[in-house]
Amino acid sequence: AQKVTQAQTEISVVEKEDVTLDCVYETRDTTYYLFWYKQPPSGELVFLIRRNSFDEQNEISGRYSWNFQKSTSSFNFTITASQVVDSAVYFCALSEALGQGGSEKLVFGKGTKLTVNP
Amino acid sequence: DGGITQSPKYLFRKEGQNVTLSCEQNLNHDAMYWYRQDPGQGLRLIYYSQIVNDFQKGDIAEGYSVSREKKESFPLTVTSAQKNPTAFYLCASSVWDGRFYEQYFGPGTRLTVT
């Protein structure tokens, strides 16, 4: 079965520090997608990134960057120069096919709660 | 604007009562899903529906029921058989864009049962 592990339950940093959130996954599929979501206190899930298993290029979007390493089954997320507004719970997720209907579900890690202090 | 609507945002019920959570989407997506989130936990799949009039159990379906009579609606009923119903419930829908299934999430309903 698919599994996503986010070993860091909570992280606390001071504003402007860099912080890396770890994500390790297990899958038997050769093709899959990995995701990161942000969940602010309001509860809604905010999509951050999707990565195809065939694309191991690192990606940077502003202060956010992602490091995908298939050899270690990891998909880590780094926030550079963190800000108070980055405080949230961050989830890593892995796609899993659902039966023959063709759709997919997401398998989530337990999340990492990030607190950025001023 | 297209999106997923869940109402209400907060719901309170007495133990032993059934309660139905609403999920509506106007994205014309075929597939819809219900996830449950407990404190300190990731989301877990309750039920999913890939097409109208069809639905399947997810990983934690016991104590829940759903219906899919219309493409845009996928209500979830939390029955009295659900032993720990207090949780945050998220509805999602997805569409195949030629490469993968893009999942869209609603704002969630926080259910408290006392």
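Residues numbered from 1 in each chain as written. Chains lettered and ligands numbered in written order. Predicted model: local features only at pLDDT ≥ 70, side-chain atom pairs only at ≥ 80, totals over all residues. Heavy atoms only, no water.

Asks: Just give me the short version of the overall build of chain B, but keep the residues and values in it.
Replies: Counting its secondary structure elements, chain B contains 0 helices and 11 strands. In sequence order, the secondary structure elements of chain B are arranged as β-β-β-β-β-β-β-β-β-β-β. For a compact globule of 114 residues, the expected C-alpha radius of gyration is about 13 Å, and chain B comes in at 14 Å, within 12% of that figure. Projected onto the principal axes, the alpha-carbon positions of chain B cover approximately 45 × 25 × 25 Å. Sorting the 114 residues of chain B into buried and exposed places 48% on the buried side. A separation threshold of at least 6 residues defines the contact pool for chain B, and within that pool the share at least 24 residues apart is 51%. With an accessible surface of roughly 5700 Å², chain B has 46% of that area assigned to carbon and sulfur atoms. (Helix = DSSP H or I, 4+ residues; strand = E, 2+ residues; numbered from the N terminus. Rg over C-alpha atoms; globule rule 2.2 N^0.38 Å. Buried < 20%, exposed > 50% of the residue type's maximum accessible area, 1.4 Å probe, protein only. Contact = heavy atoms within 4.5 Å. Areas by Shrake-Rupley, 256 points an atom, 1.4 Å probe, with all protein chains shown as cover.)

Asks: Describe the packing of aromatic side chains, with residues and values.
Replies: Inspection of every chain in the model, using the stated rule, returns 19 aromatic pairs over all chains. When the centroid spacing of 6.3 Å and the interplanar angle of 40 degrees are considered together, the rings of Tyr-25 of chain A and Phe-68 of chain A count as tilted. On the criterion of sequence distance, the pair formed by Tyr-25 of chain A in strand S4 (residues 24-26) and Phe-68 of chain A in strand S8 (residues 64-69) is long-range, its members being 43 residues apart. Assessed through its relative accessible area of 3%, Tyr-25 of chain A is described here as buried. Note on Phe-68 of chain A: relative accessible area 2%, which makes it buried. On the basis of an interplanar angle of 75 degrees and a centroid distance of 6.0 Å, the ring pair of Tyr-47 of chain B and Phe-55 of chain B is categorised as edge-to-face. Accessibility expressed as a relative area gives 7% for Tyr-47 of chain B, which makes it buried. Linked through ring pairs, Phe-35, Tyr-37, Phe-47, Phe-91 and Phe-108 of chain A together with Tyr-33, Tyr-35 and Phe-105 of chain B together constitute an aromatic cluster. One residue, Arg-68 of chain B, lies across the ring of Phe-74 of chain B, its end atom 6.0 Å from the ring centre. (Phe/Tyr/Trp six-rings, centres within 6.5 Å; stacked < 30°, edge-to-face > 60°. Lys NZ or Arg CZ within 6 Å of the ring centre and 35° of its normal.)

Asks: Lay out the state of the cysteines in plain terms, naming residues and giving numbers.
Replies: Working definition: the covalent bond between the sulfur atoms of two cysteines is a disulfide. Residue and element names in this part refer to chain A. Counted by the stated rule, this structure contains 2 disulfides over all chains. Covalent S-S linkage joins Cys-23 and Cys-92, the inter-sulfur distance amounting to 2.0 Å. Where Cys-23 bonds to Cys-92 through sulfur, the torsion about that S-S bond is close to -65 degrees, and the disulfide is left-handed. One end of the pair, Cys-23, is in the loop between strand S3 (19-21) and S4; the other, Cys-92, is in strand S10 (residues 88-97), with 69 residues separating them in the sequence. (Disulfide = S-S within 2.5 Å.)

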